[in-house]
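Spelled out, the chains give:
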Amino acid sequence: MIDVLVIGGGNAALCAALMAREAGASVLLLEAAPREWRGGNSGHTRNLRCMHDAPQDVLVDAYTEEEYWQDLLKVTGGLTDEHLARLTIRASSTCRDWMRKHGVHFQPPLSGALHVARTNAFFMGGGKALVNAFYRSAEQLGVQIRYNSPVDRLDLVDGEFKAAYVGDERIEARACVLAAGGFESNLDWMREAWGQNERGEWPADNFLIRGTRYNQGVLLKHMMAQGADMIGDPSQSHCVAIDARAPLYDGGICTRIDCVSLGVVVNRDAERFYDEGEDFWPKRYAIWGRLVAQQPGQIAYSIIDAKAVGRFMPPVFPGVKANSLPELARAIGLDETTFMQTLNDYNAACKVGTFDHTALDDCHTEGVQPAKTHWALPIDTGPFYAYAVRPGITFTYLGLKVNDQAAVHFGGQASDNLFVAGEMMAGNVLGKGYTAGVGMSIGTAFGRIAGTQAAKAAKAAVTVKEARRAVA
Ligand SMILES: Cc1cc2nc3c(=O)[nH]c(=O)nc-3n(C[C@H](O)[C@H](O)[C@H](O)COP(=O)(O)OP(=O)(O)OC[C@H]3O[C@@H](n4cnc5c(N)ncnc54)[C@H](O)[C@@H]3O)c2cc1C
């Protein structure tokens, strides 16, 4: 019998598989996707948020535990478990050497990655290179890997893992790590979670999924039905405003639109609806998907002028361009009169101080609702650009409740041999909101813990069996 079964094929699963193997366990990893699509959402990532008390290799200055924690506290509005969050934060300061050992390389951020040189370590070659390096290392260490192997259900007895099923095939193991992602790719479940709004719309019908199509939440649903303790709200997710032209799945980071804080955003009725300059973009980009989801038709338009060009990472696909604002309104099909009213009101309200996009500067509006609290410059210099945006779901936050050993719980009782990592438990740390790079911090920290604990549980199971045999 295999010691540790790892279900999933992204960063969290690979971290667990590698740690379990390093601890001497035999490991089988089951990935739902075919080999070409292996790696889940992890393949789309770019970086990891890391605590450090002094400059470290690719990271400048310091980013202390307390500052990281305060950032997390702010974005989650307190919907986080401080003990598990601090554990994640501390683990982020020590994981990079271990990742390097398994072939992951880091690089300083390229220009255009706003304000993250201090807080985030970037993977050389992106998440795809990270995932490939981990698979290569896992294969070299003797981890067995099977693709096209979606697990449907588990055999559990009183919270103890016995076996997993891929269709009719039963696969037994002494311990198991669940790392099969969230349920963001399951459009029916997303529809059910978001429900119908006061306008009679089903908002999720207009969502785009930024990552893999394989995170269908089959095991999350199964674990709920088995009575596992859950955490988080199914309608909460990492949700970004992305290019409305993105494909339904796997558009990845090239669909990001990063100019929100440099201009204004209007909805289908040509009205502004939120403070575009509330905070630095890496701390705010993940709330904009939800804000757009609440707008009529789940669509909005990020409007900038020529002054903004060169101050943000340009989107891969060009926006709609016009030489005047009325022309821009007509080109994107918005009511010209309302659009001009909105833009004129905003422009008149701008109190321009010293513009500085690298600081929470003093350029703000007065006398307009909603206010724009930083980086408020009049939109008055052609050419003008518009980018249509829709909610882009990155990953969901509903997950399995864990303790600091990554154990799955049933009725408050920790399972002895079933563990969970990554998106399947991220809700313990992220009740809502997001700060860039924390997804990989959670998956890496808990993947490594889950792998270690699963190897330990497998060893304990062997010891108990041997002791019983000796007594008999
Ligand atoms: C476009 C994009 C960019 C991102 N950028 C960043 C970033 O720069 N930094 C950051 O921290 N986070 C980022 N994230 C979030 C990050 O991807 C996740 O937090 C992290 O990858 C989660 O890792 P995971 O292993 O839990 O899930 P995943 O990497 O999604 O892996 C889940 C795996 O489970 C498999 N699976 C699903 N169901 C089953 C089943 N039933 N049986 C077997 N296997 C199954 C899937 O095929 C997949 O391989 C980004 C996400 C996206 C989509």
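Residues numbered from 1 in each chain as written. Predicted model: local features only at pLDDT ≥ 70, side-chain atom pairs only at ≥ 80, totals over all residues.

Colleague: Quick question: what am I supposed to make of the overall build of the chain here?
Modeller: Broken down by element type, the chain carries 12 helices and 21 strands. On C-alpha atoms alone, the chain measures out to a radius of gyration of 23 Å, which is about the 23 Å that the 2.2 N^0.38 rule sets for 472 residues. Seen through its C-alpha atoms, the chain measures out along the principal axes to roughly 85 × 50 × 40 Å. The contacts of the chain with a sequence gap of at least 6 include a subset with a gap of at least 24, amounting to 76%. (Helix = DSSP H or I, 4+ residues; strand = E, 2+ residues; numbered from the N terminus. Rg over C-alpha atoms; globule rule 2.2 N^0.38 Å. Contact = placed C-beta atoms within 7 Å.)

Colleague: Would you mind showing me how to read the pairing of strand S7 (residues 153-157) here?
Modeller: Within a regular strand, side chains alternate between the sheet's two faces. The alternating pattern of S7 places Leu154 and Leu156 on a buried face, while none of Arg153, Asp155 and Val157, on the opposite face, is buried. Where S7 lies against strand S8 (residues 160-166), five bridges are found, and the strand directions are antiparallel. When the bridges of S8 are listed, Arg153 appears paired with Tyr165. A loop of two residues connects S7 with S8, the two strands running antiparallel in sequence, and Asp158 in this loop sits at a positive phi of about 50°. (Buried ≥ 20, exposed ≤ 12 C-beta atoms within 10 Å, placed from the backbone. Pairing = 2+ DSSP bridges.)

Colleague: Help me out: how do you make sense of the site of the ligand in this one?
Modeller: Every one of the 44 residues lining the ligand counts as a neighbour, but Gly10, Gly40, Gly211, Gly422 and Gly439 are closest to it. Secondary-structure elements contributing two or more residues to the shell around the ligand are helix H1 (11-22), strand S3 (47-49), helix H7 (218-225), strand S18 (384-396) and helix H12 (438-471). Ranked by residues supplied to the shell around the ligand, first place goes to H12 with four residues. Taken together, the residues that form the shell around the ligand break down as 18 nonpolar, 22 polar and four charged. (Near = placed C-beta within 6 Å. Nonpolar A, V, L, I, M, F, W, Y, C, P; charged D, E, K, R; others polar.)

Colleague: When you look at helix H2 (residues 65-76) in this model, what are you seeing that I'm missing?
Modeller: Because each turn of an α-helix spans 3.6 residues, side chains separated by three or four positions in sequence point in the same direction. If you check H2, its first and last C-alpha atoms are 16 Å apart, about what 12 residues at 1.5 Å a residue would give, namely 16 Å. Along H2, the residues that are buried comprise Tyr68, Asp71, Leu72, Val75 and Thr76. Looking straight down H2, one finds its buried side chains confined to an arc of 115°; they lie on one side. Turned more than 90 degrees off the buried face of H2, the exposed positions are Glu66 and Gln70. Close packing links the buried residues of H2 with helix H3 (82-91), helix H8 (281-284) and H12. Just downstream of H2 lies Gly77, where phi reads positive at about 60°. (Expected span 1.5 Å × (residues − 1). Arc of directions from axis to C-beta.)

Colleague: Would you take a moment to explain the packing of H1 against helix H5 (residues 126-141) for this structure?
Modeller: Two numbers describe a pair of packed helices, the interaxial angle and the distance between the axes. As a packed pair, H1 and H5 sit with axes 10 Å apart at the nearest point and diverge in direction by 25°. Our classification of the angle between H1 and H5 gives roughly parallel. Considering how the two elements wind past one another, H1 and H5 form a crossing that is left-handed. Facing Asn11, Leu14, Ala17, Leu18 and Arg21 of H1, the residues of H5 in contact are Leu130, Val131, Phe134, Tyr135, Ser137, Ala138 and Leu141. Class assignment for the residues of the contact of H1 with H5 results in nine nonpolar, two polar and one charged. (Axes fitted to C-alpha atoms, helices over the stretch in contact; angles between N-to-C directions. Parallel < 35°, antiparallel > 145°, perpendicular 65-115°, else oblique. Left-handed = near helix turned anticlockwise from the far one by under 90°.)

Colleague: Quick question: what am I supposed to make of the packing of H3 against H12 here?
Modeller: With their axes 9 Å apart at the nearest point, H3 and H12 run at an angle of 90° to one another. Between H3 and H12, the crossing angle belongs to the class labelled roughly perpendicular. Contact with H3, carried on its side by Leu87, Thr88 and Ala91, involves Ser441, Ile442 and Ala445 of H12 and no other residues of that element. Grouping the amino acids of the contact of H3 with H12 by side-chain chemistry returns four nonpolar, two polar and no charged.

Colleague: Explanation requested: unusual backbone geometry in the structure shown.
Modeller: Most peptide bonds take the trans configuration, and most residues that are not glycine carry a negative phi. The omega torsion across Gln369 and Pro370 is -10°, close enough to zero to call that bond cis. Along the chain, the position of Pro370 falls in the loop between strand S17 (364-365) and S18. Note the cis peptide between Gly382 and Pro383, where omega equals -5°. Residue position: Pro383 is located in the loop between S17 and S18. For Asp57, which is not glycine, the phi torsion reads 20° and is therefore positive.

Colleague: Just checking my understanding: could you explain the domain arrangement of the chain for this structure?
Modeller: When the parts of a complex come together, some accessible area is lost, and that lost area is often used as the size of the interface. In terms of domains, the chain is made up of domain 1 (2-182 + 217-234 + 397-468) and domain 2 (238-392). Computed from C-alpha atoms alone, the centre-to-centre distance between domain 1 and domain 2 is 35 Å. If you look at the interface, domain 1 gives 13 residues, while domain 2 gives 11 residues. In terms of residue class, the side of domain 1 that touches domain 2 is made up of five nonpolar, six polar and two charged. (Domains from an automatic or database assignment.)

Colleague: In this structure, what is going on with the sheet that holds S3? I would like to understand it.
Modeller: Whether parallel or antiparallel, the strands of a sheet pair through hydrogen bonds between backbone atoms. Within the open sheet, the three strands sit side by side as S3-S5-S4. Their pairing is antiparallel. The two strands at the open ends of the sheet, each matched to only one other strand, are S3 and strand S4 (106-107).

Colleague: Sorry, what's going on with the nonpolar core here?
Modeller: Soluble globular proteins: nonpolar side chains tend toward being buried together. If you look at the biggest cluster of nonpolar residues, it comprises 140 residues, and the most contacted ones within it are Val4, Ile7, Ala16, Val177, Val420, Ala421 and Ala454. In terms of residue count, H12 provides more of this core than any other element does, 11 residues in total. Composition of this core by domain shows at least three residues from each of domain 1 (2-182 + 217-234 + 397-468) and domain 2 (238-392). Ignoring any residue separated from it by four or fewer positions in sequence, one finds Ala454 in contact with Val4, Ala16, Ala20, Ala175, Cys176, Val177 and Phe419. (Core = buried A, V, L, I, M, F, W, Y, C linked by C-beta atoms within 7 Å.)

Colleague: Help me understand H3 in this model?
Modeller: Along H3, the residues classified as buried are Leu84, Ala85, Thr88 and Ile89. All buried residues of H3 lie within an arc of 140° about the axis, which places them on one face of the element. Exposed side chains of H3 directed beyond 90 degrees from the buried face belong to Glu82 and His83. Residues of H3 that are buried make contact with H2 and H12.

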